[in-house]
Amino acid sequence: MSRLLIRGGRLLDPAADRDEPGDLLCQDGLVEAVGPDLDARGAQVVDAEGAWITPGFVDLHAHLREPGQEYKEDIASGGRAAVAGGFTAVACMANTQPVNDDPATTDFILDRARQDSPAKVYPIAAATRGLEGVVMTEMSALVDAGAVAFSDDGRTIMDSGVMRRVLEYSRLVEVPVIVHCEDRTLVGQGVVNEGAMSTRLGLPGNPAIAETVHVARDVILAELTGAHLHVAHVSTVGGVASIRVARERGINVTAEVTPHHLTLSDEETVGYDTNTKVAPPLRSAQDVAACRAALVDGTIDAIATDHAPHATHEKDQEFTEAPCGMIGFETAAAVSLDLVRSGELSPLAWVARISTAPARILQCPGGSLAPGQPADVTLLDPERRWHYDPAKGYSKSRNSPWAGRDLVGSVVATIVDGTIVYHVDRGVLVP
Ligand code: DOR
């Protein structure tokens, strides 16, 4: 029998609308009790003085690169980076090599995760074979194998007929379809946001309309089919507007935004730092403001990292040649807490967006501190200042625009199924 008492923190549990001081007791991997002055007898005690006690963060959008690109990341290193960032569960995208478009690959990922990852891992299977946007995958076999959603993330399903069928079939298996909305014919060769910045840098522009067009199309197809559409990494005023209208009309649409699209504009690309190259690109200040407002008013449900590791030799190229993506697990909390510091989100609303909402969207356990739930818990010191050096982090890759910066807000400990898997002073502890 294992007992763990987290003592004397600020309990923040959006699922119970709870924001009050207290303790949390875990027993045999489950939450046993929450409240003031719980009995510590026989329990390992963790002091949470000055810290928030929250349900473990859930990341519904990450790239773990295994199988196939283990030089960038693997399930072991990604899982360690996840718990170091306070994530107790992560959903991994299908653009691995081979693509996760058959049950054997889904099985392999789950098997690896059980052996190697301190974070829970939920595979997202491809919506179309080879991410080619032509032939649908075998959805029910993939769901039976453990897939929690379908997505061709990294690519857009350009063919509206295929997209319609993907949505129709997803209803039968009752999981969401996660869409990467960038119309390839409008993106063209674009590598930075189209506008003053692309002109100034002399780089081809990727226009906001490339996203807006596809969010609008997919929302209309979601209305037609009744499927659960989840829009990945929303980045534009227009994307937000379509989602807002869809929600007002009762269409089954949810959405996420990344910490980088919430806090960085295309101004960041001024030095040609390839770590700012991401898909969709960093947008204008107006787009950033729209994403923030949408996260605050609930038009966008969740914060998701889009953790996308790439090796240094790949990022160390001309801006036009470098791959898109930045790592995000270990910086997500500190960066997105900017909205709490600014007063836009209450601490409880922030926890809802990084834990409760993503768990709800994926229909996976988590996002709640209710007794009987898995004891997946994050302790966070929102005031602690720290220096971010990706070389000292757990990801195999270092492609972060925050490298070398001081950040505020630090994970103190991450607990998965009642076991401490990360502590800020001791690092990752298991497996
Ligand atoms: O920047 C990105 N990188 N966006 C994506 O959608 C894919 C990802 C990757 O896999 O590197």
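About the criteria used
- Residues numbered from 1 in each chain as written.
- Predicted model: local features only at pLDDT ≥ 70, side-chain atom pairs only at ≥ 80, totals over all residues.
- Heavy atoms only, no water.
- Helix = DSSP H or I, 4+ residues; strand = E, 2+ residues; numbered from the N terminus.
- Buried < 20%, exposed > 50% of the residue type's maximum accessible area, 1.4 Å probe, protein only.
- Contact = heavy atoms within 4.5 Å.
- Areas by Shrake-Rupley, 256 points an atom, 1.4 Å probe, with all protein chains shown as cover.
- Lys, Arg positive; Asp, Glu negative; His and termini not counted.
- Charge placed at Lys NZ, Arg CZ, Asp CG, Glu CD.
- Near = heavy atom within 4 Å.
- Polar contact = N/O pair within 3.5 Å; in protein donor to acceptor, adjacent residues only side chain to side chain.
- Nonpolar A, V, L, I, M, F, W, Y, C, P; charged D, E, K, R; others polar.
- Core = buried A, V, L, I, M, F, W, Y, C linked by side-chain atoms within 4.5 Å.
- Expected span 1.5 Å × (residues − 1).
- Arc of directions from axis to C-beta.

**Overview of the overall build of the chain**
Piece 1. Tallying secondary structure elements over the chain gives 14 helices and 19 strands in all.
Piece 2. Counting only C-alpha atoms and orienting by the principal axes, one finds that the chain spans roughly 65 × 45 × 45 Å.
Piece 3. Per-residue burial over the chain gives 62% buried out of 431 residues.
Piece 4. Taking contacts inside the chain between residues at least 6 apart in sequence as the whole, the part at least 24 apart equals 74%.
Piece 5. Accessible surface, the chain as shown: approximately 15,800 Å² in total, 48% of it carbon and sulfur.
Piece 6. Across the chain, the 36 positively charged side chains and the 59 negatively charged ones have centroids separated by 1 Å.

**Description of the site of the ligand**
Piece 1. As a matter of local geometry, the ligand sits amid 14 residues, with Arg-65, Asn-95, His-180, Ala-279 and His-310 nearest to it.
Piece 2. Within the contact set of the ligand, an oxygen atom lies 3.4 Å away from a side-chain nitrogen or oxygen of His-63.
Piece 3. With respect to the ligand, the backbone of Cys-324 contributes an N or O atom lying 3.1 Å from a nitrogen atom.
Piece 4. Isolated, the ligand exposes 290 Å² of accessible area, and the fraction of that covered by the protein chains is 93%.
Piece 5. In the shell around the ligand, the residues fall into four nonpolar, seven polar and three charged.

**Focus on the nonpolar core**
Piece 1. Ranked by internal contacts, the top residues of the largest apolar core, which has 73 residues, are Leu-229, Val-231, Val-253 and Trp-350.
Piece 2. Within the second largest apolar cluster, 19 residues are counted, among which are Ile-6, Val-31, Val-46 and Ile-53.

**A few points about helix H4 (residues 160-173)**
Residues three or four positions apart in an α-helix share a direction because the helix packs 3.6 residues into each turn.
Piece 1. The end-to-end C-alpha distance of H4, which contains 14 residues, comes to 20 Å, matching closely the 20 Å that a straight helix rising 1.5 Å per residue would cover.
Piece 2. Taken together, the buried positions of H4 are Val-162, Met-163, Val-166, Leu-167, Ser-170 and Val-173. Along the axis of H4, the buried residues cluster in a sector spanning 135 degrees; they form a single face.
Piece 3. At its buried positions, H4 is contacted by helix H3 (139-145), strand S9 (149-151), strand S10 (177-179), helix H7 (209-225) and strand S13 (229-231).
Piece 4. Two or three places before Gly-161, at the opening of H4, Asp-159 has a side-chain oxygen 2.8 Å from that residue's backbone nitrogen.

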